[in-house]
Amino acid sequence: MNTQHRRHVTRSVGGLLIGALSMAAQANEPSDTLTIMASSLPHADILEFADHQLLDNLSLEIIEITGQMNPNGFLAGGDIDANFFQHVPYLETDGANFSQPLTVIATVHIEPLGIYSSRYDTLEALPKGARIAVPDNPTNLSRALFLLEDAALISLAPGVSRAELTQATELDIAENPHGLEILPIDAPLLMRALADVDAAIINGNWVLEAGYTPDEDALVLETAYDNPYANVLVTREEIADDERLVALANALESEQVAEFIRERYDGAVLPVH
């Protein structure tokens, strides 16, 4: 283990962050430092573990994402070396907005969606016409509908496929035998909305922050097996072969990181490898 690691977490927004990155570039940051933009939970924690335990002769400058930051924009613009916050379907949608090609160099973990309820202990107990809150962003709305289909609560139209990463909406519900009412809500507000609905479909990082244990508290969870929504480390194609990035990618896909994830997050985060 390298005891000389320096982990810096920068919490900045908007122009302040751009200015900080610009000044860092002008100051000629050491060549053994990578600048990574990441969500605080669990991404920054995972990066910190890899930095302290697995990366010899390499340090990470971790910038935690806050507010309306666009990590893919910072990456495409050359302000950071990589980001760690998204899954491939999101990258394919958001990354199309930039002329600089972005690419995945490591596939790390799943933050499984789960169905949660403060009123009912089982799926079978959900009443007819149950009000189900779901994330309102297109990708996670699709995931929520696929999870409801997996739970045999709805059926989606032929041709709507998770494997093909179809962007499903409420209009794609072909059969709704329980008369579920689907309520799209801003994802960060789903935990707060849980008391006002019969159930909510919530991402693992939000329930983790709320102190839930998904393996115990969810009525049903996504699985990591063959799940296309794994969170990935992304960089620019032009620097994907940088040996520092290769070392970080190998560390994030290691058994040591997988074991850290299993022990740390109690099922709220699932390692892919």
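Quick look at the structure, then. Since the model is a prediction, treat every value here as computed from it, not as a measurement.

Thoughts on the side chain of R236
So, point 1. Structurally, R236 is set in strand 13 (residues 231-236).
So, point 2. There is a polar contact of 2.8 Å between the side chain of R236 and the backbone oxygen of I80.
So, point 3. Those residues within four positions of R236 in sequence are excluded, and the remaining contacts are L75, A76, G78, I80, Q100, P101, L102 and T103.

Digging into the packing of helix 2 (residues 40-53) against helix 9 (residues 243-252)
So, point 1. Their axes nearest at 10 Å, the elements helix 2 and helix 9 cross at an angle of 110 degrees. Viewed along their axes, helix 2 and helix 9 adopt a mutual orientation that is roughly perpendicular. Contact residues: I46, L47 and A50 in helix 2; L248, A251 and L252 in helix 9.
So, point 2. In terms of residue class, the contact of helix 2 with helix 9 is made up of 6 nonpolar, no polar and no charged.

Focus on the layout of surface pockets
So, point 1. Of the voids in this model, the largest pocket is the one considered here, and its volume is about 1100 Å³.
So, point 2. For the largest pocket, the lining is made up of 33 residues, of which S39, F85, Y90, N205 and W206 are closest to its centre.
So, point 3. Those elements that place two or more of their residues in the lining of the largest pocket are helix 2, strand 4 (82-87), helix 4 (88-94), helix 5 (138-150) and helix 7 (204-209).
So, point 4. Taken together, the residues that form the lining of the largest pocket break down as 11 nonpolar, 17 polar and 5 charged.

Section: a negative patch on the surface
So, point 1. Where like charges cluster on the molecular surface, the negative patch consists of D215, E216, D217 and D266.
So, point 2. Position of D217 relative to the elements: it lies in helix 8 (residues 214-217).
So, point 3. Here D217 falls in the partly exposed class, since its relative accessible area comes to 33%.

Quick notes on the sheet that holds strand 11 (residues 199-202)
So, point 1. Strand order in the open sheet formed by 5 strands is 10-7-11-6-12, with mixed pairing between adjacent strands. Bordering the open sheet on either side are strand 10 (181-185) and strand 12 (220-221), each of which pairs with just one other strand.
So, point 2. The strands touched by helix 5 are strand 6 (114-116), strand 7 (131-135), strand 10, strand 11 and strand 12; relative to strand 7, the strand with the most contacts, the crossing angle is about 140 degrees.

Side note on the packing of aromatic side chains
So, point 1. Scanning the entire structure with this criterion turns up 4 aromatic pairs.
So, point 2. Considering the side-chain rings of F85 and Y90, the 5.7 Å spacing of their centres and the 80 degrees angle between planes classify their relative orientation as edge-to-face.
So, point 3. By relative accessible area, which is 17% here, F85 ends up buried.

What counts, and where the lines are drawn
Residues numbered from 1 in each chain as written. Predicted model: local features only at pLDDT ≥ 70, side-chain atom pairs only at ≥ 80, totals over all residues. Heavy atoms only, no water. Helix = DSSP H or I, 4+ residues; strand = E, 2+ residues; numbered from the N terminus. Polar contact = N/O pair within 3.5 Å; in protein donor to acceptor, adjacent residues only side chain to side chain. Contact = heavy atoms within 4.5 Å. Axes fitted to C-alpha atoms, helices over the stretch in contact; angles between N-to-C directions. Parallel < 35°, antiparallel > 145°, perpendicular 65-115°, else oblique. Nonpolar A, V, L, I, M, F, W, Y, C, P; charged D, E, K, R; others polar. 1 Å grid on protein atoms, 1.4 Å probe; cavity = no way out; pocket = protein on both sides within 12 Å on 5 of 7 lines; lining within 4 Å. Points joined across faces, edges and corners; volume = space filled by probe spheres on them. Patch = residues over 30% accessible without salt bridge, like charges linked within 9 Å, V, L, I, M, F, W, Y side chains within 5 Å. Areas by Shrake-Rupley, 256 points an atom, 1.4 Å probe, with all protein chains shown as cover. Salt bridge = Lys/Arg side-chain N within 4 Å of Asp/Glu carboxyl O. Lys, Arg positive; Asp, Glu negative; His and termini not counted. Charge placed at Lys NZ, Arg CZ, Asp CG, Glu CD. Buried < 20%, exposed > 50% of the residue type's maximum accessible area, 1.4 Å probe, protein only. Pairing = 2+ DSSP bridges. Phe/Tyr/Trp six-rings, centres within 6.5 Å; stacked < 30°, edge-to-face > 60°.

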